[in-house]
Amino acid sequence: MNNIVFGKYIPLDTPIHRLDPRAKILAMLIALVAIFIPAGWYGYGIIAVVILFVIHLSKIKLKVIFKAFKPMIFMMCFLLVINVLSVKEGALLLDLGFLEIYSKAIIDTLYIIVRLLLMIMITTILTMTTKPLDLTLGIEYLLTPFKKIGVPAHEIAMIISIALRFIPTIIEETMRIMNSQKSRGVDFEEGKLKEKISAIISLIVPLFSVSLLRADELANAMEARGYVPQAPRTRYRRLKYERRDLILVIGAFLLLALMITLAIVI
Amino acid sequence: MVTFKELSYVYAPDMPYKTTALDRVDLDITEGKITAIIGKTGSGKSTLVQHLNALLLPTSGTLEIEGYTIKAGEKTSKLKELRRKVGLVFQFSEYQLFEETIIKDVAFGPKNFGVSEEEALERAKKALELVGLDPSYYQRSPLDISGGQKRRAAIAGILAIEPEIIVLDEPTAGLDPKGAKEMIGLFAMLNKKMHKTIIIVTHDNEIVYDFADDVTLLDGGKVVCKMKAHDFFAERELLESHDIYRPRIVYLKELLKDKGIMIPDDIHTLADLAAFWRDHE
Ligand SMILES: Nc1ncnc2c1ncn2[C@@H]1O[C@H](COP(=O)(O)OP(=O)(O)OP(=O)(O)O)[C@@H](O)[C@H]1O
Ligand SMILES: [Mg+2]
C-alpha cells in the first residue's frame, strides 16, 4: 500500500532540489515532448542516460521508481496480449499454430513500456524534489501570461495545491479505513467476487464521506479566514531565476533538438 | 498472556524520513485484566495496539497472542481468525461506518466472520443496547448521526464480533463526560462479567486510576514501565519526570497527608474517602 506515495516530496538538499520550480516544470514538459519523438533506441538510450544522471544527482533511490512502476505491470501484460493479437507485421518469431507472434508486436510494446518508464522517472523526479507549494507557485507563474486570455491562473494553482495537499491525507485515510475494516473481518486480498465487492464498498463509502467532510471543513476554514480567489494578493515567497535554472532549460531544449535531429536522420 | 519480545516497528523504512515508532518493546499484558496504555502524543500507542490484531507486522522481534506467534519477516496464516479473537476499535473509529443502516453496519463484522444473518442481527441488537443506542437508531443511516453516536456504533461493531480481547484506541475522545463514563463502565462490565481482556489507550488518567488494573507507560516508542495502576500513580518522581498529572483522588490524598491526616492506602475513590471521613469524625 505504501507504494502509492511514490511521488511524495523528499526533503533533501541536492542540486536538483535547489533548482527553481518553474525551470523544473518547463524542463519536464520539454523532456516529456522529447520522449514522444520517435528517435529510435539511440534516442531513448540518450534520454535514459540523462535521466539516470539527474536521478543520481537528486539522490532518489531507483527502487522507489520501480515501486511506482509495479502497479502498471498488469497493464503492460494486457497491452502485450493485445499487441500480440492485433499486430501482424515484422518477422514471425513464434508460431504456436493457433497464434503467431510477430516481432513488431513485441517491439511496439517495448516502446510503450520504455516511454512510460521514462515518463514516470521524469515526473517522479519533479514531485520528489520540489515542495508541493513551490510546484504550484511555479505553475501559477508559468500560467500568468495566459491570464490575459482569461485563464484563471491563481485558481488553477490553488486547486492543484489543495489537491496535492490532500493526496497524503487521503492515502492515510484510506489506510485507516482499510485497517478498521480488516479489524471487522474484511479481507482485501482474498475472497470470492461477492466478498471483494463488499470489501471495496466498505472502503469507498467511508472514504467518500470523509473526503466530502474534509472538503467542507477546508472550505469553511478558508472562508472564515477571508479567502477570496479574485482578491489581489502578495507573496511570502518569491521565486528567483539563477544561472543553473537557465542551464537546465537550455539543456532540456538541446535534448529535444537532439531527438528531433535523430528522428529526421534515422 | 500477550507478550511483546524485542518488538520494533519502523514507518517508511526505505525513506530518509523513517520513524522508529516502537523501539525494542518488551511487554507482558495479562489476560482477563484491564490494561491502560498511556503516553504522550506520538509515543507509539496506536502503533503498539495495531500489532495486537496483526494490522501492523513487526519490523523486528515477535509478538505472542492467543496462541499465535507473529515474527518479523515471517508470514503468519489464519490472521482472520486472530482478528475475530482480538477486536480493535480504532482511534477515530467513527469513519469506518458505511452501511445504509446502523444495525446492518454493526452486523457487518460478525457476518464477515461467518456468523449467519439472523445471528449477526441478534448480536448487533445486543451490542447496540450495550453501547446505549436504543432501537430507534437501528434503521438510521450511520452517516448522519452525531460524532459521539458514530463512536458508539463503531464500538458496537466490534463488540458484536464477540472478541476475547478488546482493544480500544482512545474510545472516549470526543464523548461528553457522562458518555465517556458510561462507555468505560461498559468495558469494566465486559471485563468483570464476561472476563474479556480489555486493553485501552487513553489520555484520561482519571479513567486509568478508576478502572485499569495495570498501566503501561510509553515514551518515544519505548516502554518506560508497567505497573499496577494504583502503584503507578504513587510514583511521584516518575510522574513528574514524564509530566503526568495525578488523578484528583491521588492529589487529594497527598494534600491531606501533607496536612498530617493519614488516609489508608486502600481508599481509591472519592466515595470511599467520604465514607472514611464520616467514620473518622
Ligand atoms: N503512517 C505513518 N507513517 C509514518 N509515521 C507514522 C505513521 N503513523 C505514525 N507515525 C509516527 O510514529 C510515531 C508513533 O505514532 P502513534 O500514532 O503510534 O502515536 P500515538 O502514541 O498513538 O499518538 P496519539 O496519542 O497522538 O494518538 C509518531 O512519531 C508518528 O509520527
Ligand atoms: Mg494514537
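Draft legend 1. Representation of the overall build of chain B. Of regular secondary structure, chain B possesses 11 helices and 10 strands. A compact globule built from 281 residues should have a C-alpha radius of gyration of about 19 Å, and chain B, at 20 Å, falls within 12% of that. C-alpha atoms of chain B, sized along the principal axes, occupy 60 × 50 × 35 Å. Expressed as a percentage of its 281 residues, the buried residues of chain B come to 53%. Pairs at least 24 residues apart make up 61% of the contacts formed inside chain B by residues separated by at least 6 positions. Charge-centre separation for chain B: the mean point of 37 positive side chains lies 2 Å from the mean point of 45 negative side chains.

Draft legend 2. Seen up close, the coordination of the magnesium ion (ligand 2). Protein coordination of the magnesium ion (ligand 2) is provided by B:Ser46 (OG) and B:Gln91 (OE1), with donor distances spanning 1.9 to 2.4 Å. Of this pair, B:Ser46 sits in helix H1 (residues 45–52) while B:Gln91 sits in the loop between strand E6 (86–89) and helix H3 (102–112); the two residues are 45 residues apart in sequence, bridging distant segments of the chain.

Draft legend 3. A look at the pairing of strand E5 (residues 68–71) of chain B. Burial along E5(B) is one-sided: the residues B:Tyr68 and B:Ile70 are buried and none of B:Thr69 and B:Lys71 is. Remark: 2 residues form the turn of the hairpin made by strand E4 (residues 60–65) of chain B and E5(B), two consecutive strands paired antiparallel; B:Glu66 in that turn has positive phi of roughly 50°.

Draft legend 4. Inspection of the nonpolar core at higher detail. B:Val106, B:Leu128, B:Val131, B:Leu159, B:Phe187, B:Phe232 and B:Phe233 are the most contacted members of the largest nonpolar core, which totals 60 residues. Looking at this core, the element that brings in the most residues is helix H6 (residues 177–194) of chain B, giving 7 residues. Sequence-distant contacts of B:Val106, that is, excluding residues within four places in its chain, are made with B:Ala124, B:Ala127, B:Leu128, B:Ala153, B:Ala156, B:Gly157 and B:Ala160. Grouped together as the second largest cluster of nonpolar side chains are 44 residues, A:Ile51, A:Ile60, A:Leu118 and A:Leu143 included.

Draft legend 5. Inspection of the packing of aromatic side chains at higher detail. Applying the stated criterion to the full structure yields 7 aromatic pairs over all chains. Considering the side-chain rings of B:Tyr9 and B:Tyr11, the 4.9 Å spacing of their centres and the 80° angle between planes classify their relative orientation as edge-to-face. Residue B:Tyr9 is classed as buried on the basis of its relative accessible area, which comes to 12%. Geometrically, the ring pair formed by B:Phe98 and B:Phe108 is edge-to-face, given 4.7 Å between the ring centres and 85° between the ring planes. Of this pair, B:Phe98 sits in the loop between E6 and H3 while B:Phe108 is found in helix H3, placing the two residues 10 residues apart along the sequence. One exposure class covers both B:Phe98 and B:Phe108, and it is buried. By the ring-pair criterion, three or more aromatic residues cluster together here, those being A:Trp41, A:Tyr44 and A:Tyr111. Between the NZ or CZ atom of A:Arg22 and the centre of the ring of A:Tyr141, over which it lies, the distance is 4.9 Å.

Draft legend 6. Inspection of the sheet that holds strand E3 (residues 34–39) of chain B at higher detail. Residue and element names in this part refer to chain B. Ordered by their spatial adjacency, 6 strands build an open sheet running E6-E7-E8-E3-E9-E10, and the pairing between neighbours is mixed. Two strands in the sheet have a free side with no partner beyond their single neighbour: E6 and strand E10 (222–228). Pairwise comparison of adjacent strand axes, ignoring direction, gives a mean angle of 15° for this sheet. In this sheet, strand E7 (residues 165–169) lies alongside E6 in parallel orientation, the contact comprising 4 bridges. Each bridged residue has a counterpart across the sheet, and for Val 89 the counterpart in E7 is Leu 168. Sheet strands touched by H6: E3, E7 and strand E8 (197–201). Its angle to E8, the strand with the most contacts, is close to 155°.

Calculation criteria
Residues numbered from 1 in each chain as written. Chains lettered and ligands numbered in written order. Predicted model: local features only at pLDDT ≥ 70, side-chain atom pairs only at ≥ 80, totals over all residues. Heavy atoms only, no water. Helix = DSSP H or I, 4+ residues; strand = E, 2+ residues; numbered from the N terminus. Rg over C-alpha atoms; globule rule 2.2 N^0.38 Å. Buried < 20%, exposed > 50% of the residue type's maximum accessible area, 1.4 Å probe, protein only. Contact = heavy atoms within 4.5 Å. Lys, Arg positive; Asp, Glu negative; His and termini not counted. Charge placed at Lys NZ, Arg CZ, Asp CG, Glu CD. Donors = N, O, S within 2.8 Å, 3.2 Å for Na, K, Ca; no water. Pairing = 2+ DSSP bridges. Core = buried A, V, L, I, M, F, W, Y, C linked by side-chain atoms within 4.5 Å. Phe/Tyr/Trp six-rings, centres within 6.5 Å; stacked < 30°, edge-to-face > 60°. Lys NZ or Arg CZ within 6 Å of the ring centre and 35° of its normal. Axes fitted to C-alpha atoms, helices over the stretch in contact; angles between N-to-C directions.

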